[in-house]
Amino acid sequence: MEIQQLANHGIPSEIIEQFKNQGFRVLTSVQSACVEAGLTSGQSLVISAPTSSGKTTIAELAAIVAAQQGRRTVYLVTHRALAEEKYRHFKSTYDNGQDSWFDVSISTGDRSDGDWQNGILVATYEKFLSLVATGAIKNYSKLVVVADEIQTISAPSRGADIEILCTILLHAKPAQFIGLTATAPNVDELAEWLGCISCKVDIRDVPLDQEIWFAGKVSGCESGHGEVFDRDRDVPNPCGSIQAVRALVDSGLGPVLVFCMTKPRAEQLATEFSGLSVRNQGALEVSRQLDLFTEPTALGERLKAATASRTAFHTADLSFSERAVVEEALRDGHIDVVFATPTLAAGVNLPIRSVVFDSFQRPWMDEPWLSQSEFANMSGRAGRLGYHDRGSMVMLPTNRTEYAKAYQYVVDQPEPVRSVLMGSSIRKPILQLLSCGVCSGDSAVVDFFERTLWYQQTVVSNNTLAKQLAVRVKEAVDWLVENDLAKQEGDLLVATEFGRAVSMTGLLPSTAISFLKHAMLIDPEDFDDRAFGLIHLACASDEFSNEIGQRFLPYARQTSPMAYKTVRAQSLFVDPDVLPNQPQVDNAALAISMWGNGASEPDLLRAVPAIRYGMLQVLAQDVAWIFDGMASLLASPAVDSDRRLVTEFELLAKRIRLGVTLSAVDVLNAAKDANVPGFGRYRAMALANADISEPSKLLTAKPDLLSRLVESVARAELLVEAVAKYFSRPMEYWKNRQTAAAYEMRADVELIESLYEQDGVAYEDLVFELFRRLDFSPDKYDDGKRQGVPDIRLRLDCGDVYVECKSREKKKNSPISTDDAYAVFAKANDLSAAHCVTVGKPDFNSHAKKKATSAGSITLVSHKALVQAYLAYFSKKVPKHKIEEWLCTPGVATFFEL
């Protein structure tokens, strides 16, 4: 189909011209088939096509039509890296600030950007499931869902959540559902389950030559069709991956991606190959980019050395920035060869011409051979649409057994998608169903599971298992009721308020129950002493269980001596010696504790050599996610907890996620948000050690000192710019959100807008007016005549409360410092204050929040929280006495508590 024919299917001529400008002239086979099947007229489809068939464009066409009709689109992906790539593509194409067609937003476990009121949201499956479970998604009838890589339903650790989400969406009946997959031979079965039309295309628009080089012969076929051939080679077979790659590059078949089964093997081959290659001026530019974008680690130095010879490796041990530089260098043609682990197969779209399998088995696993689907996905990285006319895939078996397996890979189809829903605990999905109101009783839960792919596949293959469904549901429901997560209300089974709070966290219910039991016994003033025990508890939790876990601990044959000694010297919540995975838990707990305290790479490797740097980055994200979930749970009105514990868990999560001490958290957060090149935990700790990591200090630091500490003038300038913008940008978001809410409830929109716009004395006057409207009968204590007194006095039931208003009149873009946050103490010292409150705009720095957990008689209230409290009171959702209690409770006040 010619691109201009899209005009006959509802696509505006302006968009068609934009596609032409991107190089589109003719739709690919699968794109044409989908348009003919009704894609642009709202038909729901499950689409199966080989990799590099242009499936992303199918989603774009659906989103364009949806935007024209006032509908929203969510594009679901499997990985955060893939979400970032899709977000950048959609943002630059459709929401670039010039000729924007629709808004583009992103929501992953790491970050959220954009206010998804219309347009397209790029989200990971898990993140969108949490939004659905909390009831945040409204009006499914105007929602278009694109589910990419839907075959991930088969993944043991993640498939259950994806299947539950798809079944909820099936029940909610969105306007259109589009499932995309490259490796699903049972696409008709998936389509039948989801109530869609199947659209299967086997033609690969970029042909892929699949070859096996073994014993002086070449065997293989063209992917998807064609008879298997065997022929003698004109020249002897290359001996090993290095020679094979050299032969491909010399034949003009680069760039080449070499799949290695381990990270050390990828690094080793990259080092060997680069040592045999000549340095190149263009590649030296990549090395210079890495100088800017990498932190000074041993792995980073090895990567820079390799890229100088147009070679790289790409593994999870690299930082996100380092991987991004390698990917961009491939796109720009500065890299000929990249040695990578199989995780790259599920990653971003890269212009790879040829793929080589250094190996295709992992002897340390229960099933050592790559699955047929994994092979199809990995080999499909070769020959990319828009870059190449053909792709090449080469396998290098070393014996007859490997040759037979390689031959099987080439001729066989991928495995069908099979449900793994009942392979783990079903307590979490049932709680989610009750929390979002999809189900309201045992029978309704059973009915829901009877709509799952699992049930559809199980009834056909094993009706006895299907009959056990009601038993398993009852066991799970009984456990939820026993633990106060669900309750019976007449004939209905509903989630309790506590159950809904647990569901919102995304944690396994058993993890939440266990953690809460221990957390509630902690005195906030002793939190630092119990932090190691909490980290150990997180690593020992069901989240990392081999049976029902959602995450993985790094493998360990034995505990490192230092980890064994350190763990047993700590105050713990569980006995380490009774854990079935004790070596993994011990090693992980010590590594994460050191990481969150800013330990250097050499110190980490000496302490726990089994956990490499990249593995630690992933583990830190997982442990931080658990602590974020606990902070959310403790902040819920359903849990009667000390709000200081909420702050402690939030700050611990930040430290662990970033790998720095508390003093470096704010600056590193700002740097990451702006993608400041090469500024990570190492350089953040350098600033902390020089006592200039607090945002206000950094913004006034001498440029030459800052450049020296971060090892680059350009990096220092970008860092200052990032910090200056970071704390003001969320203010614009909250201003828009809260003024819109005020308008909707007919509150004083002008007051809300003025609170955001004014600073200094004018801001104090506006806060005074807000307290007056809360019926707190405030006194303007600082009348301009008395010196050194608080701004406002509130006469509340708890006594006289003195309020100090702090806004950044001169430094609008930095948070309130610790000194300013606690200045109210000195001002109220002689006034017999029952309590003190500081209102901070835009917010307080992390150190000030930490201090609030032990200060005892002060509450820190951020600007946005105070405005939200007023709106909650105005809308009669929260009574006056609750807001009084909220202000008089020591710690950091959040509006989630209301």
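Keep in mind the model is a prediction, meaning the values are calculated, not measured. (Residues numbered from 1 in each chain as written. Predicted model: local features only at pLDDT ≥ 70, side-chain atom pairs only at ≥ 80, totals over all residues. Heavy atoms only, no water.)

## A look at the overall build of the chain
A count of helices and strands for the chain gives 40 helices and 24 strands. When its C-alpha atoms are laid out on the principal axes, the chain stretches across 95 × 65 × 65 Å. Across the 898 residues that make up the chain, the buried fraction comes to 57%. The contacts in the chain between residues at least 6 apart in sequence include a share of 70% that link residues at least 24 apart. For the chain, the accessible area works out to roughly 36,700 Å², and carbon and sulfur atoms hold 49% of it. In the chain, which carries 93 positive and 114 negative side-chain charges, the distance between the mean positions of the two groups comes to 2 Å. (Helix = DSSP H or I, 4+ residues; strand = E, 2+ residues; numbered from the N terminus. Buried < 20%, exposed > 50% of the residue type's maximum accessible area, 1.4 Å probe, protein only. Contact = heavy atoms within 4.5 Å. Areas by Shrake-Rupley, 256 points an atom, 1.4 Å probe, with all protein chains shown as cover. Lys, Arg positive; Asp, Glu negative; His and termini not counted. Charge placed at Lys NZ, Arg CZ, Asp CG, Glu CD.)

## What about the sheet that holds strand β20 (residues 792–796)?
If you trace the six strands from one edge of the open sheet to the other, you get β19-β20-β21-β22-β23-β24, paired in mixed fashion. Edge positions in the sheet fall to β19 (779–780) and β24 (891–893), since each has one partner strand and no second. Where strand β22 (residues 835–841) lies against strand β23 (residues 858–862), five bridges are found, and the strand directions are parallel. Considered in β23, the bridge of Val 839 is made with Val 861. The sheet contacts of helix α39 (residues 863–874) involve β22, β23 and β24, and relative to β23 the element is tilted by about 85°. (Pairing = 2+ DSSP bridges. Axes fitted to C-alpha atoms, helices over the stretch in contact; angles between N-to-C directions.)

## Re the pattern of salt bridges
Counting across every chain of the model gives 42 salt bridges. The closest approach of N and O atoms between Arg 246 and Asp 250, which form a salt bridge, is 3.5 Å. Linking Arg 246 with Asp 250, this pair stays in helix α8 (residues 241–250), spanning four residues, or about one helical turn. With relative accessibility at 57%, the residue Asp 250 sits in the exposed group. What you see here is one network of salt bridges that share partners, running through Lys 263, Glu 267, Arg 302, Asp 317 and Arg 612. (Salt bridge = Lys/Arg side-chain N within 4 Å of Asp/Glu carboxyl O.)

## Focus on the packing of helix α27 (residues 643–658) against helix α38 (residues 846–855)
Two quantities define a packed helix pair, namely the angle between the axes and the distance from one axis to the other. Two numbers describe how α27 lies on α38: the axes approach to 9 Å, and their chain directions differ by 140°. The element α27 and its partner α38 pack so that their crossing is left-handed. Of the residues in α38, those in contact with Arg 644, Thr 647, Glu 648, Leu 651 and Lys 654 of α27 are Ser 846, Lys 849, Lys 850, Ala 852 and Thr 853. Within the contact of α27 with α38, the residues separate by chemical class into two nonpolar, three polar and five charged. (Left-handed = near helix turned anticlockwise from the far one by under 90°. Nonpolar A, V, L, I, M, F, W, Y, C, P; charged D, E, K, R; others polar.)

## Focus: the environment of Met 745
Inspection of the secondary structure assignment puts Met 745 in the loop between α33 (729–744) and α34 (749–757). On the basis of relative accessibility, which here comes to 28%, the residue Met 745 falls in the partly exposed class. Along the backbone, Met 745 and Ser 277 are 468 residues apart, and their C-alpha atoms lie at a distance of 68 Å. Aside from chain neighbours lying at most four places away, what touches Met 745 is Leu 871, Phe 874 and Ser 875.

## Observations regarding the pairing of strand β14 (residues 337–340)
Burial along β14 is two-sided: Val 337 and Phe 339 facing one way and Val 338 and Ala 340 facing the other are all buried. Across four bridges, the pairing between strand β12 (residues 256–259) and β14 is parallel. Considered in β14, the bridge of Val 256 is made with Val 337. As judged from the four bridges shared by strand β13 (residues 311–314) and β14, these two strands associate in the parallel manner. Bridged to Thr 311 within β14 is Val 337. A crossover links β13 with its parallel partner β14, the connecting element being helix α12 (residues 320–331), and its sense is right-handed. (Right-handed = clockwise from strand over helix to strand, strands pointing away.)

## Things to note about α33
Given a rise of 1.5 Å per residue, 16 residues ought to cover 22 Å, and the 23 Å separating the end C-alpha atoms of α33 matches this to within 8%. Every buried residue belonging to α33 is among Met 731, Trp 734, Lys 735, Gln 738, Thr 739 and Ala 742, and all of these are buried. On an axial view of α33, the arc spanned by its buried residues comes to 125°, and they lie on one face. Opposite the packed face of α33, turned more than 90 degrees from it, sit the exposed residues Tyr 743 and Glu 744. Elements in contact with the buried residues of α33: α34, β22 and α39. Just downstream of α33, Arg 746 is the residue with a positive phi angle, here 60°. (Expected span 1.5 Å × (residues − 1). Arc of directions from axis to C-beta.)

## Observations regarding a nonpolar patch on the surface
Together, Val 228, Tyr 407 and Val 411 make up an exposed nonpolar region whose accessible area comes to about 210 Å². Relative to the helices and strands, Val 411 is located in helix α14 (residues 400–411). (Patch = residues over 30% accessible without salt bridge, like charges linked within 9 Å, V, L, I, M, F, W, Y side chains within 5 Å.)

## Focus on helix α2 (residues 29–36)
Three or more residues of α2 are buried, namely Val 30, Gln 31, Ser 32, Cys 34 and Val 35. Looking at the buried residues of α2, the elements they touch are β1 (45–48), α3 (55–68) and β8 (197–200). Following α2 by one or two positions, Gly 38 adopts a phi angle in the positive range, close to 105°.

## Overview of the side chain of Glu 769
Considering the arrangement of structural elements, one finds Glu 769 in helix α35 (residues 760–773). There is a polar contact of 2.8 Å between the side chain of Glu 769 and the side chain of Arg 773. (Polar contact = N/O pair within 3.5 Å; in protein donor to acceptor, adjacent residues only side chain to side chain.)

## Re the sheet that holds strand β5 (residues 119–124)
Taking strand neighbours across the sheet as the criterion, the eight strands line up as β4-β3-β5-β2-β6-β7-β1-β8 in an open arrangement whose pairing is mixed. Looking at the sheet topology across the chains shown, the edges are occupied by β4 (112–113) and β8. Of the pairings in the sheet, the one linking β1 to β8 comprises four bridges and is parallel in character. Counted as the bridge partner of Val 46 is Ser 198 from β8. Contacting β1, β2 (72–77), β5, β6 (143–147) and β7 (176–181), α3 crosses the sheet at an angle of about 170° to β7. Sheet strands in contact with helix α5 (residues 125–133) are β2, β3 (104–107), β4, β5 and β6, and its direction is about 110° off that of β5.

## Focus on the nonpolar core
In terms of nonpolar packing, the biggest core is built from 115 residues, with Phe 128, Ile 430, Phe 449, Phe 627 and Phe 649 touching the most fellow members. Per-element tally for this core: the top contributor is helix α26 (residues 613–635), with 13 residues. Every residue in contact with Phe 449, bar those within four places of it in the chain, is listed here: Ile 164, Leu 421, Met 422, Ile 426, Ile 430, Leu 433, Tyr 455, Leu 469 and Val 473. (Core = buried A, V, L, I, M, F, W, Y, C linked by side-chain atoms within 4.5 Å.)

## Observations concerning the packing of aromatic side chains
Throughout the structure, instances matching the rule amount to 22 aromatic pairs. Between Tyr 75 and Phe 90, the aromatic rings sit 5.6 Å apart at their centres with planes inclined by 65°, giving edge-to-face as the arrangement. Highlighted residues: Tyr 75 in strand β2 and Phe 90 in helix α4 (residues 80–94), separated in sequence by 15 residues. An identical accessibility class is assigned to Tyr 75 and Phe 90; each is buried. Taking 5.5 Å as the distance between ring centres and 65° as the angle between the ring planes, the aromatic pair formed by Trp 595 and Tyr 613 counts as edge-to-face. Taken as a pair, Trp 595 in helix α24 (residues 582–596) and Tyr 613 in helix α26 lie far apart in primary sequence, 18 residues in all. Trp 595 sits in the buried class, given a relative accessible area of 4%. Overall, the relative accessible area of 16% leaves Tyr 613 in the buried class. (Phe/Tyr/Trp six-rings, centres within 6.5 Å; stacked < 30°, edge-to-face > 60°.)

## Notes on the environment of Glu 374
On the secondary structure map, Glu 374 appears in helix α13 (residues 372–379). With 41 residues separating them in the primary sequence, Glu 374 and Glu 415 have C-alpha atoms 9.5 Å apart. In this structure the side chain of Glu 374 is engaged in a polar contact, spanning 2.8 Å, whose partner is the backbone nitrogen of Ser 371.

## Observations concerning the environment of Thr 56
Looking at the secondary structure, you find Thr 56 in helix α3. Linking Thr 56 and Val 446, residues 390 residues apart in sequence, is a C-alpha distance of 36 Å. Ignoring any residue separated from it by four or fewer positions in sequence, one finds Thr 56 in contact with Tyr 75, Lys 86, His 89 and Phe 90.

## As for the side chain of Thr 838
Assignment of secondary structure puts Thr 838 in strand β22. Apart from the residues lying within four places of it in its own chain, the contact partners of Thr 838 are Glu 804, Lys 806, Asp 820, Ala 821, Val 824, Phe 844, Ile 858, Thr 859, Leu 860 and Val 861.

## Regarding the packing of α24 against α26
Interhelical geometry of α24 versus α26 gives an angle of 85° and a closest axis separation of 10 Å. Between α24 and α26, the angle is such that the two are roughly perpendicular. Counted together, Ala 588, Ala 591, Ile 592 and Trp 595 of α24 and Tyr 613, Leu 616, Gln 617, Leu 619, Ala 620 and Val 623 of α26 form the full contact between these two elements. For the contact of α24 with α26, the class distribution of residues is nine nonpolar, one polar and no charged. (Parallel < 35°, antiparallel > 145°, perpendicular 65-115°, else oblique.)

Just geometry here; none of it tells us what the structure is for.
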